[in-house]
Amino acid sequence: MNDIDVVIRLLVAIGAGGLIGIERKKRGKAAGFLTNILVCLCAAIIAVYQKILFYEGIEMVRKYPELINVIKIDSGRITAQIVSGIGFLGAGVIMQSKDKIRGITTAAVLWVMSAIGMIIGNGNLKYGIIATIFLYGCLIFLRRFEVRYIKSSKLSRITL
């Protein structure tokens, strides 16, 4: 992985976050354009850094074989923390007022954006772009489907 690869990965992450962020901003959601870019970019940066640490660990063991039992290389540890951390960020977006809970979709979008950022940061640009297109399609087309064909049950509260 060279510097150009890293720059391309981060630019693709910005593009993916921006595309989804535009859709969220148009709908007036709490996590809009910039937030989605930052979530995707951050996840990509962390994934790139994790990969760098992984290769540095392998190189260190190659150089100093006696460290094989000392250096622990866990390529999933940092990304696992992204999943946990984004849950905290998503929880801050979810609000309850009266009988309505708002922000669950926004929290889910942030979670998916972090996953897309990790995919892109790990160098799977094609799959990151495909995932972004799928997410965009879900937000646009499945929203229309939901509004048109899935009727929500309306709850009524009667207070005496």
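Residues numbered from 1 in each chain as written. Predicted model: local features only at pLDDT ≥ 70, side-chain atom pairs only at ≥ 80, totals over all residues. Heavy atoms only, no water.

**Student:** Is there a simple way to explain the layout of surface pockets in this structure?
**Tutor:** With a probe scaled to a water molecule rolled over the atoms, the places where space remains empty come into view. Here the second largest pocket is characterised by a volume of approximately 170 Å³. Lining the second largest pocket are Q50, L53, F54, G57, I71, K72, I73, D74, S75, R77 and I78. Elements supplying a minimum of two residues to the lining of the second largest pocket: α2 (33-63) and α3 (77-93). Looking at the lining of the second largest pocket residue by residue, the classes come out as five nonpolar, three polar and three charged. (1 Å grid on protein atoms, 1.4 Å probe; cavity = no way out; pocket = protein on both sides within 12 Å on 5 of 7 lines; lining within 4 Å. Points joined across faces, edges and corners; volume = space filled by probe spheres on them. Helix = DSSP H or I, 4+ residues; strand = E, 2+ residues; numbered from the N terminus. Nonpolar A, V, L, I, M, F, W, Y, C, P; charged D, E, K, R; others polar.)

**Student:** What am I meant to see in the packing of α2 against α3 here?
**Tutor:** Two packed helices can be described by the angle between their axes and the distance between those axes. The N-to-C vectors of α2 and α3 enclose an angle of 160°; their axes lie 9 Å apart at closest approach. The angle between α2 and α3 falls in the class roughly antiparallel. Classified by chirality, the crossing of α3 by α2 is right-handed. Here α2 contributes V39, A43, I46, Q50 and L53 to the contact with α3, which in turn contributes R77, I78, T79, I82, I86 and L89. (Axes fitted to C-alpha atoms, helices over the stretch in contact; angles between N-to-C directions. Parallel < 35°, antiparallel > 145°, perpendicular 65-115°, else oblique. Left-handed = near helix turned anticlockwise from the far one by under 90°. Contact = heavy atoms within 4.5 Å.)

**Student:** Hey, could you run me through a nonpolar patch on the surface in this one?
**Tutor:** A contiguous nonpolar surface patch, about 510 Å² in accessible area, is contributed by Y127, I129, I130, I133 and F134. Mapped onto the secondary structure, I130 falls in helix α5 (residues 125-149). (Patch = residues over 30% accessible without salt bridge, like charges linked within 9 Å, V, L, I, M, F, W, Y side chains within 5 Å. Areas by Shrake-Rupley, 256 points an atom, 1.4 Å probe, with all protein chains shown as cover. Salt bridge = Lys/Arg side-chain N within 4 Å of Asp/Glu carboxyl O.)

Read these as geometric descriptors, not functional statements.
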